[in-house]
Amino acid sequence: MPGNDLVIDVRGLTKSFGRKTVVRDLDMQVRRGEIFGFLGPNGSGKTTSIRMLCGLLRPDSGAGLCLGYDIIAQSERIKPHVGYMTQRFSLYEDLTVLENLRFAARLYGLKSPEADVQGALERYGLTPFSRHLAGNLSGGWKQRLSLAECTLHRPRLLLLDEPTAGVDPGARRDFWDQVHGLAAEGVTALISTHYMDEAERCHRLAYIAYGDVLASGTAQDLVSGSGLFTWSVSAARPDADLHGLGEALKREPGVDQVVIFGNALHVSGLDESGLEAAVAAHRTEAFVWTRTGPGLEEAFINLMRGARLE
Amino acid sequence: MNARLFSPGRFLAVVAKEFVQMRRDRLTFAMMIGIPLLQVVLFGYAINTDPRRLPTAVLSADNSEFSRSVVSAMQTSTYFKITRQIGSRDEARRLLQGGEVQFVVTIPENFGRDLMRGERPEILLEADATDPVATAGSTAGFKEIVNRALARELKGVLGDLASGQDPVDVRVHSEYNPEAVSQYNIVPGLMGVVLTMTLVMITALAITRERERGTMEHLLSTPVTPLEVTLGKIIPYIVVGYVQMLLIVCAARFLFDVPIQGSVVLVFVLASVFIAANLSVGVTFSTVARNQLQAVQVSVFFFLPSLLLSGFMFPFRGMPQWAQCVGSLLPLTHFLRLVRGIVLKGNGLAESLSHVWPMVLFWLVVVAVGLKRYKRTLD
Ligand SMILES: Nc1ncnc2c1ncn2[C@@H]1O[C@H](COP(=O)(O)OP(=O)(O)OP(=O)(O)O)[C@@H](O)[C@H]1O
Ligand SMILES: [Mg+2]
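If you're wondering where the values come from, they're calculated on a predicted model, not measured in any experiment.

J.: Is there a simple way to explain the overall build of chain B in this structure?
T.: The number of helices and strands found in chain B is 15 helices and five strands. By residue count, 51% of the 379 residues in chain B fall in the buried class. The long-range share in chain B, meaning contacts at least 24 apart out of those at least 6 apart in sequence, stands at 80%. Working note: accessible area of chain B is about 17,800 Å², and carbon and sulfur atoms make up 62% of it.

This is the structure we're talking about:
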């Protein structure tokens, strides 16, 4: 392996299906031990990009290295070191948990398959289910099984495509603890997700939409780079009409986004003076007004809007 | 071989997995065993059932005890069931034509007297042989039934008449389909039909299923190679194919008494070529079909011409030229000839080889097409 620290280093990856360009000119650099979040709206090309990285799809143009091997010419050498967890459950529903893991152990030619399989069962709490058919597991347990399976052969790179969709918060936290544990051992992970709290747990992020990378960096970079200014508004009296206020603010020219977070509204705008004017116009004693920083979600929605306007 | 392209460990892992899945998929498993059994029973009973008690009309102009004894012997043989006595040739014709009776027996005037005089009177059995299978047993047995009945009668009374030449001239006329096709053709042929049906469809399904369920995406991201996956998925179905053949051979031998002249082992060995040809068709279809439904449809598209143009349903030489051309491309056509040759005529390896090479050719062409279409990636 070449002596650099980049586990994924691809440039200009482009992929079209028919006339539709799904990924356009994707550049991505991911360092060893990094947890890299991959975000973007539905249909933005996340899954397609991940498939190109592990040799399942051949890019139309562009090139790059994954684990030091060429993603086009040497994909067979990449595969043994990659654990790919597909977006859709892709283990055998008509095999038991144990059989699925054993099958994977044999495919990767593990030295001590039985010990590895038992280890994985224990680590992911799957032991009580080992004789259940995978198809009968609940959604969250299927995800765990998939993770157990794709980490079984101690891959150096994990490609996880929406690994926690439909998983309860406790299991998600366990999952992220596992991933951070692996990262500490030097495993690199590329994770696509739609959850903001998960995005914040990544070391770095990339946001892609309609085939283009719109922004990348740490969560902080993305938030501060968004150029948004935000006010948080909550009700001061029980009869205060928070929803009505939100609708009124949406119509103000200086306001770009109004998001409801339970009992609070987040009002954001790109133009600070316009936003201040709008807030001044609606500021009454019925509400509590505080200046806050924008969140990741506001930053992403802002990015997506920009992409659509182009 | 290069371990990166083919590793026995990975290949065996796929084989083992496939067997477990096959065992769990009860319905498909039942079909694989059930289809040959069902076909054997359905076709088989059309074959050797030697149907009994077939409706028979008697047109007798003679009232001697000899003619009565012939008629009663026919009854007791259980082949015939005398349903009516008739008085004219016209009526006989009408009954046969309308299918009301299967046979008409005609006993001429003065039958008893001529018999006593040693003039060998004629006795006629007319059969409606539209379905030759149905009448074959009865017509074959008729002469024997008549002779035995008369021998019993004549013994003692006219011992010398009974010995030597048959006392009567037994005539059998098969109407409507004089040259009956040998029914034994069907059971050995069934072997090829069942193999074509299950092997093509099930391999196409097994591979398409992986793609449809998304498991192929995961499989392709592991070090397993397409060769290992394909071979690993095929092997279990070869075993299935042989089990099906064994079932049919046993049924042919023990249920339907098909005389097996040649070597069953030779049939099994040479069948490997036919099985390979069908499996390669299944694999190639799986590269075309996007989902399991399409896989079934494409398989039927292959199965129907095989069934109809191979000589299984219709005699090959009776088909129009174009149909014979298409038929000779199909592996089933050659396999049928091969099996019938070995089972019915007792052919050996030398005589069989001429049916093997067209199947090999077919196989090579299909494999070439399949490899060209096979993708290592998802796009
Ligand atoms: N094999 C294919 N053939 C044609 N179009 C495809 C194919 N695979 C993906 N697409 C299209 O490419 C686009 C991007 O799909 P992709 O699955 O990469 O998006 P995604 O970012 O993973 O979306 P999601 O968040 O919903 O999972 C979609 O519009 C999809 O319809
Ligand atoms: Mg996706």
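J.: Just to check I follow, could you spell out the coordination of the magnesium ion (ligand 2) for this structure?
T.: In an ideal octahedron of six donors the angles at the metal are 90 or 180 degrees, and in an ideal tetrahedron of four donors they are 109.5 degrees. Donor atoms from the polypeptide that bind the magnesium ion (ligand 2) are A:Thr47 (OG1) and A:Gln87 (OE1), placed at 1.9 to 2.1 Å. A residue pair is termed long-range when its members are at least 10 positions apart, and A:Thr47 in helix H1 (residues 46-53) and A:Gln87 in the loop between strand E6 (82-85) and helix H3 (97-107) qualify at 40 residues.

J.: How should I be thinking about the sheet that holds strand E2 (residues 20-31) of chain A in this particular structure?
T.: Pairing between sheet strands relies on hydrogen bonds along the backbone, with the strands arranged either parallel or antiparallel. Residues and elements named next belong to chain A. Across the sheet, four strands lie side by side as E2-E1-E4-E5; this open sheet has antiparallel pairing. Of all the strands in the sheet, the pair left with one neighbour each is E2 and strand E5 (69-70). With five bridges connecting them, strand E1 (residues 6-17) and strand E4 (residues 61-66) associate as antiparallel partners. The residue bridging Thr-14 from the neighbouring strand is Ser-61, located in E4. Sheet strands touched by H1: E1, E2 and E4. Its angle to E1, the strand with the most contacts, is close to 120°.

J.: How should helix H5 (residues 139-151) of chain A be read in this particular structure?
T.: Working note: α-helix, 3.6 residues per turn, so residues spaced by three or four point in the same direction. Helix length check: H5(A) (13 residues) gives 19 Å between terminal C-alpha atoms against 18 Å at 1.5 Å per residue, within 8%. The element H5(A) is extensively covered by neighbouring structure, given that ten of its 13 residues are classed as buried. Among the residues of H5(A), A:Gly140, A:Lys142, A:Gln143, A:Leu145, A:Ser146, A:Leu147, A:Ala148, A:Glu149, A:Cys150 and A:Thr151 are the ones counted as buried. Where H5(A) is buried, its residues meet E6, H3, helix H4 (113-123), strand E7 (157-161) and helix H6 (169-184) of chain A together with helix H9 (215-220) of chain B.

J.: Help me out: how do you make sense of the nonpolar core in this one?
T.: Nonpolar side chains in soluble globular proteins generally cluster together in the buried interior. Of all hydrophobic cores here, the largest spans 87 residues; its most connected members are A:Ile8, A:Met28, A:Leu159, A:Leu190, B:Tyr237 and B:Phe335. Here this core takes eleven residues from helix H8 (residues 186-213) of chain B, the largest share from any one element. Excluding its chain neighbours within four sequence positions, the residues that come into contact with A:Ile8 are A:Met28, A:Gln29, A:Val30, A:Leu53, A:Leu65, A:Cys66, A:Leu157, A:Leu159 and A:Leu190. Grouped together as the second largest cluster of nonpolar side chains are 47 residues, A:Phe89, A:Leu98, A:Ala148 and A:Leu152 included.

J.: Whenever I open this one, unusual backbone geometry confuses me. Can you help?
T.: A negative phi angle characterises most non-glycine residues, just as the trans form characterises most peptide bonds. All names here are of chain B. A positive phi angle is found at Asn-110, which is not glycine, with a value near 60°. Tracing the chain through its elements places Asn-110 in the loop between strand E3 (103-107) and helix H5 (111-117). Residue classification places Asn-110 among the partly exposed positions, given a relative accessible area of 32%. The backbone of Arg-120 shows a phi angle near 50°, a positive value even though the residue is not glycine. Position of Arg-120 relative to the elements: it lies in the loop between H5 and strand E4 (122-128). Take Arg-120: its relative accessible area is 30%, and that puts it in the partly exposed class.

J.: Any chance you could explain the site of ligand 1 here in plain terms?
T.: Residues and elements named next belong to chain A. Around ligand 1 lies a shell of 14 residues, among which Lys-20, Lys-46, Thr-47, Thr-48 and Gln-87 are the nearest. At the level of secondary structure, the elements contributing two or more residues to the shell around ligand 1 comprise E2 and H1. For the shell around ligand 1, the element with the highest residue contribution is H1, accounting for three residues. Residues that form the shell around ligand 1 fall into these classes: three nonpolar, eight polar and three charged.

J.: Would you explain a nonpolar patch on the surface in this entry?
T.: Taken together, the side chains of B:Val300, B:Leu304, B:Leu308, B:Met313 and B:Phe314 present a nonpolar region at the surface, about 400 Å² in accessible area. Mapped onto the elements, B:Leu308 comes out in helix H12 (residues 292-309).

J.: Would you take a moment to explain the environment of B:Leu371 for this structure?
T.: You can see B:Leu371 is positioned in helix H15 (residues 349-373). When its relative accessible area of 62% is taken as the criterion, B:Leu371 is described as exposed.

J.: Would you mind showing me how to read helix H3 (residues 65-76) of chain B here?
T.: All names here are of chain B. With twelve residues, H3 extends 16 Å from end C-alpha to end C-alpha; this agrees with the ideal 16 Å at 1.5 Å per step. Among all positions in H3, only Phe-66, Ser-67, Ser-69, Val-70, Val-71, Ala-73 and Met-74 are buried. Phi turns positive one or two residues past the end of H3, at Thr-78, with a value near 70°.

J.: Explain the pairing of strand E8 (residues 188-192) of chain A to me, please; I cannot follow it from the model alone.
T.: Strand residues, when the strand is regular, have side chains that alternate between the two faces of the sheet. Residues and elements named next belong to chain A. For E8, the tally of buried residues reaches five of five residues, placing the bulk of the element in the interior. Residues Thr-188, Leu-190 and Ser-192 point to one face of E8 and Ala-189 and Ile-191 to the other, with burial holding for every one of them. The pairing of E7 with E8 spans five bridges and is parallel. By the bridge assignment, Leu-157 is partnered in E8 with Thr-188.

J.: Would you mind showing me how to read the interface of chain A and chain B here?
T.: How big an interface is tends to be stated in terms of accessible area lost as the parts join. At the interface, 27 residues of chain A touch 28 residues of chain B. Carbon and sulfur atoms supply 56% of the area that chain A and chain B bury against each other, a total of about 2,700 Å² over both sides. The largest per-residue losses of area from chain A upon contact with chain B belong to A:Leu56, A:Tyr92 and A:Leu107, which jointly make up 24% of the total buried on that side. Applying the counting rule to chain A against chain B returns three salt bridges.

J.: Explanation requested: the pairing of E7(A) in the structure shown.
T.: Residues and elements named next belong to chain A. Within E7, five of the five residues are buried, leaving the element largely enclosed by the surrounding structure. By the bridge criterion, four bridges tie E6 to E7 in an arrangement that is parallel. Pairing of Tyr-84 across the sheet is with Leu-159, part of E7.

J.: Before we go on, may I ask you to explain the side chain of A:Thr86 in this structure?
T.: As for its position among the elements, A:Thr86 is in the loop between E6 and H3. The class of A:Thr86 is buried, set by a relative accessible area of 5%. Within the structure, A:Thr86 has its side chain in polar contact with the backbone oxygen of A:Arg88 (distance 2.5 Å). Separated by 2.6 Å, the side chains of A:Thr86 and A:Ser90 make a polar contact. With near-sequence residues (within four places) excluded, A:Thr86 lies in contact with A:Asp161, B:Glu217 and B:His218.

Criteria and thresholds
Per chain, residue numbering runs from 1 following the sequence as it is written. Key to labels: chains lettered from A, ligands numbered from 1, both in the order written. Confidence filtering applies because this is a predicted model: local features only for residues at pLDDT of at least 70, side-chain atom pairs given and counted only at 80 or more, and all residues used for totals across whole chains, interfaces and linings. The side-chain values count all of the structure's non-hydrogen atoms but skip hydrogen atoms and water molecules. Numbering of helices and strands starts at the N terminus; helices are DSSP runs of H or I of at least 4 residues and strands are runs of E of at least 2. The cut-offs for exposure are 20% and 50% of the maximum accessible area for each residue type, with area from a 1.4 Å probe on protein chains only; residues under the lower value are buried, those over the upper are exposed, and the others partly exposed. Contact criterion: two residues are considered in contact whenever any of their non-hydrogen atoms come within 4.5 Å of each other. To measure how exposed things are, a 1.4 Å probe is used in the Shrake-Rupley method; for residues, cover is taken only from the protein chains shown. Coordinating N, O and S atoms are those within 2.8 Å of the metal (3.2 Å for Na, K and Ca), and as water is not part of the atoms, a site may appear to have fewer donors than expected. A pair of strands counts as paired when DSSP detects no fewer than two bridges linking them. Orientation is described by lines fitted to C-alpha atoms, with helices fitted over the stretch in contact, and by angles between N-to-C directions that extend from 0 to 180 degrees. Take the number of residues in a helix, subtract one, and multiply by 1.5 Å to get its expected span. In this description, a nonpolar core means a group of buried Ala, Val, Leu, Ile, Met, Phe, Trp, Tyr and Cys residues linked to one another through side-chain atoms lying within 4.5 Å. One heavy atom within 4 Å of a molecule or strand is enough for the residue carrying it to be called near that molecule or strand. Just so you know the grouping, Ala, Val, Leu, Ile, Met, Phe, Trp, Tyr, Cys and Pro go in nonpolar, Asp, Glu, Lys and Arg go in charged, and all remaining residues, Gly too, go in polar. Patch building starts from residues that exceed 30% relative accessible area and form no salt bridge, then joins like charges within 9 Å and nonpolar side chains (Val, Leu, Ile, Met, Phe, Trp, Tyr) within 5 Å. The term salt bridge refers to a side-chain nitrogen of Lys or Arg lying within 4 Å of a carboxyl oxygen of Asp or Glu. By definition, the buried area sums, over both parts, the 1.4 Å-probe accessible area that each loses when the two are put together. N or O atoms within 3.5 Å of each other form a polar contact, as long as, within protein, one can give a hydrogen and the other can take it, and as long as residues adjacent in sequence are counted only when both atoms are side-chain atoms.

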